[in-house]
Amino acid sequence: MKFGTVSIDQAEGAILAHSLTAGERRFRKAHSLSADDIAFLKNAGVDELVVARLDPGDLCEDGAAERIAQALSTRNVEVKPAATGRVNLYAQAAGVFTVDKALIDAINAVGPAITLATVAEYAEVQKGQMVATVKIIPFAVAGELVDKVVALCAGREAFAVHPFRALRVGVVQSVLPGIKQSVLDKTTAITVERFARSQSRITEERRTPHSAEPVSEAVEALVRDNDMVVVFGASAMCDFEDVIPAAIAKAGGRVIRAGMPVDPGNLLVIGEIGGKPVIGAPGCARSPKENGFDWVLDRVIAGLPVSAMDIAGMGVGGLLMEIPTRPQPREAREKPLPVRVGIVLLAAGRSSRMGGPNKLMAMFGDQPLIRRIAERAAASHAAGTVVVTGHQAERIETVLDGMDVKFVRNPDFVTGLASSLKAGIAALPADVAGALIVLGDMPGVTTADLDRMIEAFKSAGGRPIVRATHEGRRGNPVLLPRSLFPAVAALQGDTGARHIVEAEGADAVDVEIGAGAALDVDTRDAMEDAGGVLQGN
């Protein structure tokens, strides 16, 4: 592939390297320049362009990404269509992720143009969560490099999601004099919550004196009718012959490992009786916060073997106690706060490409476009809608009179999109977890589309970016998590949410909403095609 600046006369058939606005038209990055495009750009005074031109044998970025993604052998993973040189892969079930690190490293060593990234091995993943992404860095890559990657993938499983199984679980809690009933009851409640995410359930709990014989009898009784047994000791294990390891042996089982290099979680015991796992929970498992018990439990529930060497290998990354970025604790079911999303409806622009009329006042049937969009936003599951006005602010606000929306005027609307975006997000309530950015000129976006994006955000814990797509290509609206609000505050000029999505590298979830994601009415022709009728000025 050749890349660089060429004269406009040499650009036909090349790929545009950067987005470009000329006259009333905007040419997107990666656009293939036709003879008509060249003529238009010449008339607009453009003399040269930065372009990419494919060499013989090159594959375009989307074609290369799709070929690599299809060559990957995976399980319980969905491959999405390619867009902008990227193919995202998503978990089809909640479970535990495993990956062939050597294969991924070999693929990434083929050349810097080809990249493959995944979540960490043995990570707990949710259904619909992105677990891997193939990205081609330039606009094209040599076909022979893609061939090398395809050959590497042959006969090897690249990665897999091992779905959680719904298990029947027996629980034993040993008791010493003085231990409070409330402590035992809280332990049970937290354990029920831990198993709920896999739809596993505790079928029976037994409370016994803290001694090997009664604990052994309880374990032996419970293991017959359950898929696994978890034992909470009244006192922490202090020796490899202590109560829980001894009880497993007395019940006819074997201890696989006592002690693990994860803190908190050092005092975990794992064994098996008749092929069924028995876990001696460390004291930290009485808390909802993540600890080494969760690491072992996730693998067991997902049907993955856990050997002594597996546990011995958990030391790197096993120091959880002092890491500020440690994952958030799993709270009990009654404690999590609801995930609230606010809508920011942008209605401050001057409709400059329309050549005069305010496109937001165009009539669709018996109502102006901005009223149509605002009604759909207000009817959604969002916690509220902020409408940002600027150009013809009073006119827009009059059309929306009586609606349950909040108006924010942007005095700096002439500086571009960034100022309106900042004004809208700053006006949202402090308790919203995300902002759904809706453009006022997208007549095809429905209330159902907005609700699907909000639900995807909530299902993912209120953390990722959520992007609307049409046939795999990103469009609008876009939902930004609160973690990106500071990045919005730093925007300048005619820069919108797309810049943040591309620059911040945050996790993203794509929601296919159909043609509405790609339909905006920036020009008179687009307005007419969409069924709108412009109204004066």
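Worth saying up front: this structure is predicted, and the values here are computed from it rather than measured. (Residues numbered from 1 in each chain as written. Predicted model: local features only at pLDDT ≥ 70, side-chain atom pairs only at ≥ 80, totals over all residues. Heavy atoms only, no water.)

Caption draft 1: Representation of the packing of aromatic side chains in the model. Under the definition given, this model contains three aromatic pairs. For the pair Phe27 and Phe40, a centre-to-centre distance of 6.1 Å together with 55° between the ring planes defines the contact as tilted. Taken together, the residues span a long stretch of sequence, with Phe27 in strand β4 (residues 25-27) and Phe40 in helix α1 (residues 35-43) at a distance of 13 residues. For the ring pair Phe232 and Phe293, a centre distance of 6.5 Å and an interplane angle of 65° mean the geometry is edge-to-face. Within this pair, whereas Phe232 is found in strand β18 (residues 228-232), its partner Phe293 is found in helix α8 (residues 292-301), the two being separated by 61 residues in sequence. The exposure class assigned to Phe232 is buried, which follows from its relative accessible area of 2%. For the cation-ring pair, Arg25 lies above Phe40, with the distance from its terminal atom to the ring centre recorded as 5.0 Å. The ring of Phe164 is capped by Arg197, whose NZ or CZ atom sits 5.9 Å from the centre of that ring. (Phe/Tyr/Trp six-rings, centres within 6.5 Å; stacked < 30°, edge-to-face > 60°. Helix = DSSP H or I, 4+ residues; strand = E, 2+ residues; numbered from the N terminus. Buried < 20%, exposed > 50% of the residue type's maximum accessible area, 1.4 Å probe, protein only. Lys NZ or Arg CZ within 6 Å of the ring centre and 35° of its normal.)

Caption draft 2: Spotlight on the sheet that holds strand β30 (residues 508-512). Read across the sheet, seven strands follow the order β26-β25-β22-β27-β29-β28-β30 without closing on themselves; strand pairing throughout is mixed. Among the strands making up the open sheet, the edge pair consists of β26 (406-409) and β30. Neighbour-to-neighbour, the strand axes of this sheet turn through a mean angle of 30°, independent of strand direction. Bridge analysis of strand β22 (residues 341-347) against strand β27 (residues 434-439) gives six bridges, and the strand direction is parallel. (Pairing = 2+ DSSP bridges. Axes fitted to C-alpha atoms, helices over the stretch in contact; angles between N-to-C directions.)

Caption draft 3: Here's a closer look at helix α3 (residues 101-108). For α3, the set of buried residues is Leu103, Ile104 and Ile107. The arc enclosing the buried residues of α3, seen along the axis, measures out at 100°, which places them on a common side. In this fold, the buried residues of α3 make contact with β10 (95-99), β11 (114-118), α4 (143-153) and β15 (157-163). (Arc of directions from axis to C-beta. Contact = heavy atoms within 4.5 Å.)

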